[in-house]
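Here is what each chain is made of, one letter per residue.
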Amino acid sequence: MMRGERLHVWTDGDHVGEFMRTSGGHVSFHYDSKEGAPISLSLPRTGKSSGKAASAFLENLLPDDENARRRMASRLHLDSTDTFKLLADADTVGGLVFSDKPELPHHPIEAKPLDEEEIGNQIGYVRANGYNWFARDDEDEFYERDTPKCRFSIAGGQPKFTLARRAGVWLWPNASIPSTHIIKPEMRDCPGSHRVEDAALTLGTLCGLPVSEHGILTANGAEAFITRRFDRIVDGNNVRRIHCEDLAQAMGMDPESKYEIGAASCVRFLHHFDPSDETGYEWVRRLAFNVSSGDSDSHGKNYSIVLAENGFRFAPMYDMTVTRIWPHVDQEMAMPINGVEFAELLTPFDWEAFAEEAGLDGERVAHITRTMAGAVLDHLDEASAGLPDSLRESMRKAVSKANENIQPLHRRMSKPKANTASFSGGGVWVSPHIRSGYEVSGYWRSR
């Protein structure tokens, strides 16, 4: 194998392979075996991947903001924002653990749990300073430690942090202590953002969509949005990482390209793994909700899949909000439909035209989107009931505007189907159906 820098990859304590970086900066990934689930759809165990897929996969695990990466490096006592260095020994999204040595990283369990005051201070600090919290003052005990007690990386542009819940106490996470929750303080330029996100996920649940468990965390008088990680399984005091990736990673796109991922291309990508297109229709349902709920920032990294031995399924929905509440936030949809950039201008015809481009049935797609719009409007008051009056009214106006031309259908939503898709394309796809009066989710059957 070529010489160069290496970043070892582990899952469930087993070595999977290693990322290699040449002196020229090219990154590739090499599996230990051809058997098992891939770490990414963009990096299959057999066959070829694009030249930038390995590098893009890693970049998508880090914060978007370069300032955030610099502050991570400072807090971790690193001399650069090198991707390999930032990810080594860190608790990251999904089921992988990274190390710069051929041994599985091990950190002693932090004995001192975080109390309510520390968590409240952390919420206030992140709210006030964003990613500046990664570079605390020199006299701060957190910063001065030779081996920081916290080492995590979480993607995206919104300031947030992760914690591990174990034996009834909160701990800072690292490679040996998987985080279990993500905490998002209110964004200073989007008042009430933490409560709106909570209401948006509640709305998704009422509309029949699977969403991550969520709520409002109050600590020492400070509030923040909190969600339980869907890529973790908690069994008593044991926490297991579950591997997942967002669509940008799956498609081999770097994080800077997340707004270049089009809706039709997502459907065509999913078709490769599920020719029945049931996975594609399920994704359209999720897209339709984000459009109707006034979330203009629903890009490719806001949809994830969970990878298993023989295929993948959609992860619960997350990062849902109503961006249209705040006028200074971009009002154009991250994924235009049939060239239409504003949700309030979308008509059933536009969704039918999108369906034709994507290779789906236009009538079925229009029905999905109109029914979802009706459900969003029907459940809006219930979902927003807990918001302050002014914020609730802003959410009502934003969502109503987003559905001005869709011609909503007000019908009962069907139970969401647990669609899965195959890595290899082999076998026979059995579409969701009713058997003996029971709803059967789609699955792959051997030939």
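Each remark here, short or long, concerns the structure printed above.
Quantities reported herein were computed from a predicted structural model and do not represent experimental measurements. (Residues numbered from 1 in each chain as written. Predicted model: local features only at pLDDT ≥ 70, side-chain atom pairs only at ≥ 80, totals over all residues. Heavy atoms only, no water.)

**Q** Give me the sheet that holds strand 5 (residues 161-166): which residues, what numbers.
**A** Pairing in this open sheet of five strands is antiparallel, and the strands run 6-5-7-9-8 from one edge to the other. Each having just a single partner strand, strand 6 (169-171) and strand 8 (214-219) make up the two edges of the open sheet. Across the sheet, the mean angle from the axis of one strand to that of its neighbour is 40°, orientation sign disregarded. Strand contacts of helix 4 (residues 116-129): strand 5, strand 6, strand 7 (181-185), strand 8 and strand 9 (222-228), with the helix running at about 110° to strand 8, the strand carrying the most contacts. (Pairing = 2+ DSSP bridges. Helix = DSSP H or I, 4+ residues; strand = E, 2+ residues; numbered from the N terminus. Axes fitted to C-alpha atoms, helices over the stretch in contact; angles between N-to-C directions. Contact = heavy atoms within 4.5 Å.)

**Q** For the environment of Val234, give the residues involved together with the corresponding values.
**A** In this fold, Val234 is placed in strand 10 (residues 232-235). For Val234 and Arg165, which are 69 residues apart along the polypeptide, the C-alpha to C-alpha distance reads 9.3 Å. Leaving out residues up to four positions away in the same chain, Val234 has contacts with Thr180 and Val239.

**Q** So what's going on with the pairing of strand 5? Which residues, and what values?
**A** Counting buried positions along strand 5 gives five out of six residues, so the element sits mostly inside the fold. Sheet topology places strand 5 next to strand 7; three bridges connect them, and they run antiparallel. By the bridge assignment, Phe161 is partnered in strand 7 with Ile183. Across three bridges, strand 5 lies against strand 6 in antiparallel orientation. Across the sheet, residue Arg166 finds its bridge partner in strand 6, namely Val169. Between strand 5 and strand 6, which pair antiparallel and follow one another directly, the connecting turn spans two residues, one of which, Ala167, has a positive phi of 55°. (Buried < 20%, exposed > 50% of the residue type's maximum accessible area, 1.4 Å probe, protein only.)

**Q** Which residues make up the sheet that holds strand 3 (residues 27-31), and what values go with them?
**A** Reading across from one edge, 3-2-1-4 is the order of the four strands in this open sheet, with antiparallel pairing throughout. Single-partner strands in this sheet number two, and they are strand 3 and strand 4 (96-99). In this sheet, adjacent strand axes meet at a mean angle of 25° when their direction is disregarded.

**Q** An account of the pattern of salt bridges is needed here, citing residue identities and associated values.
**A** A complete count under the given rule lists 26 salt bridges for this structure. Ionic pairing is found between Asp12 and Arg240, a salt bridge with its closest N-O pair at 3.1 Å. Residue Asp12 is found in the loop between strand 1 (5-11) and strand 2 (14-21), and its partner Arg240 is found in strand 11 (residues 238-241); the two are separated by 228 residues along the sequence. Relative accessible area serves as the criterion here: at 47%, Asp12 is assigned to the partly exposed category. Given the relative accessible area of 44%, Arg240 is considered partly exposed. Each of Asp91, Arg229, Asp231, Arg232 and Arg241 takes part in a single network of salt bridges with overlapping partners. (Salt bridge = Lys/Arg side-chain N within 4 Å of Asp/Glu carboxyl O.)

**Q** Before we move on, could you go through the nonpolar core and cite the residues and values that matter?
**A** Among the nonpolar cores identified, the biggest contains 39 residues, and Trp283, Leu287, Trp351 and Phe354 are the most heavily contacted of them. Of all the elements in the fold, those that place two or more residues in this core are helix 7 (247-250), helix 8 (263-273), helix 9 (278-292), strand 13 (304-307), strand 14 (311-314), helix 10 (348-358) and helix 11 (362-383). Aside from chain neighbours lying at most four places away, what touches Trp283 is Leu247, Ala263, Cys266, Val267, Leu270, Tyr303, Phe314 and Met335. In this structure, Phe289, Leu387, Leu391 and Ala398 belong to the second largest nonpolar core, which totals 27 residues. (Core = buried A, V, L, I, M, F, W, Y, C linked by side-chain atoms within 4.5 Å.)

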